[in-house]
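Coordinate analysis (summary)
Spelled out, the chains give:
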Amino acid sequence: MSLLSETKPRISKVVTLQEKEKSCSTFNWDNVHPYTPERIPRSEEKTRRSIDGSLDHSLGRSVEAEGPPPLRNYIFFTIFTCFCPAWPINIVALVFSMMSQSSYDNEDYDGSQRLGRKALHMGIASLIIGLLIIMIFCIVHFTTNPI
């Protein structure tokens, strides 16, 4: 065997579009393993490409199993606001936060979110009121007493 015969270019058969469609339609799908990608024809495959180029593996399922929403009871924030001098509002915010946790444990997610928002709003109000009380106290203290 010569080196020239090994380097000869091979001429492949040109496949027309009709021949390709004919070969795809006569493919025996029963011999393919059910979990291989060849089982689903490309025209029926419902994969989409996302922006970064990765495949979306949902395969057209629009409803996915969703777990419960995350708990937002703002417990740490309301405990922090208890150190501000606006005592009644701090306690109410803490109670709303605890009620939000209780609603979440009872699988009342809408009630939990509502009470969590109330706890957040009451916590913000108590923080602002507490900071105003501290500022007023400092202003009065340093303006009436000489340093």
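Once a new chain begins, its residue numbering starts again from 1 and follows that chain's sequence as written. Side-chain atom pairs in this predicted model are given and counted only at pLDDT of 80 or more, local residue features only at pLDDT of at least 70, and totals for whole chains, interfaces and linings cover all residues. Heavy atoms from the whole structure form the basis of all side-chain values; hydrogens and water molecules are not counted.

Looking now at unusual backbone geometry. You will see that Y74, though not glycine, has its phi angle at about 55 degrees, which is positive. For Y74, the location among the structural elements is in the loop between β2 (55-56) and α3 (75-81). Of note in this structure, E107 is not a glycine but carries a positive phi near 65 degrees. Runs of H or I in DSSP of at least four residues are treated as helices and runs of E of at least two as strands, each being numbered from the N terminus. By secondary structure assignment, the location of E107 is in the loop between α4 (87-105) and α5 (109-144).

Right, let's talk about the environment of L115 for a bit. By the secondary structure assignment, L115 is in helix α5. The buried label goes to any residue with under 20% of its type's maximum accessible area, the exposed label to any with over 50%, and the partly exposed label to all in between, with areas taken from a 1.4 Å probe on protein chains only. According to the relative accessible area criterion, L115 is buried, its value standing at 6%. Through-space distance from the C-alpha of L115 to that of A93 is 9.5 Å; in sequence the pair is 22 residues apart. Throughout, a residue-residue contact means that at least one pair of heavy atoms, one from each residue, lies within 4.5 Å. In this view, L115 contacts F96, M99, S100 and S103; residues no more than four positions away in its chain are not counted.

Turning next to the side chain of S100. Mapped onto the elements of the fold, S100 is located in helix α4. For S100, a relative accessible area of 0% corresponds to the buried category. Other than its neighbours up to four places away in sequence, S100 contacts L71, R72, N73, S112, L115 and G116.

Because the α-helix completes a turn every 3.6 residues, residues three or four places apart line up on one side. Multiply 1.5 Å by the residue count of a helix minus one, and that product is the helix's expected span. Over its 36 residues, α5 extends 52 Å from the first C-alpha to the last, a length consistent with the 52 Å expected when each residue adds 1.5 Å. Within α5, burial applies to G111, S112, L115, G116, A119, G123, S126 and G130. Contacts from the buried residues of α5 go to α3 and α4. Identification of polar contacts relies on pairs of N or O atoms within 3.5 Å, with a donor-acceptor requirement for protein atoms, meaning one able to donate a hydrogen and the other able to accept it, and with residues adjacent in sequence counted only if both atoms are side-chain atoms. If you check the start of α5, you find a side-chain oxygen 3.3 Å away from the backbone N of G111, and it comes from D108.

It is worth stressing that arrangement in space is one thing and function is another; only the former is reported here.
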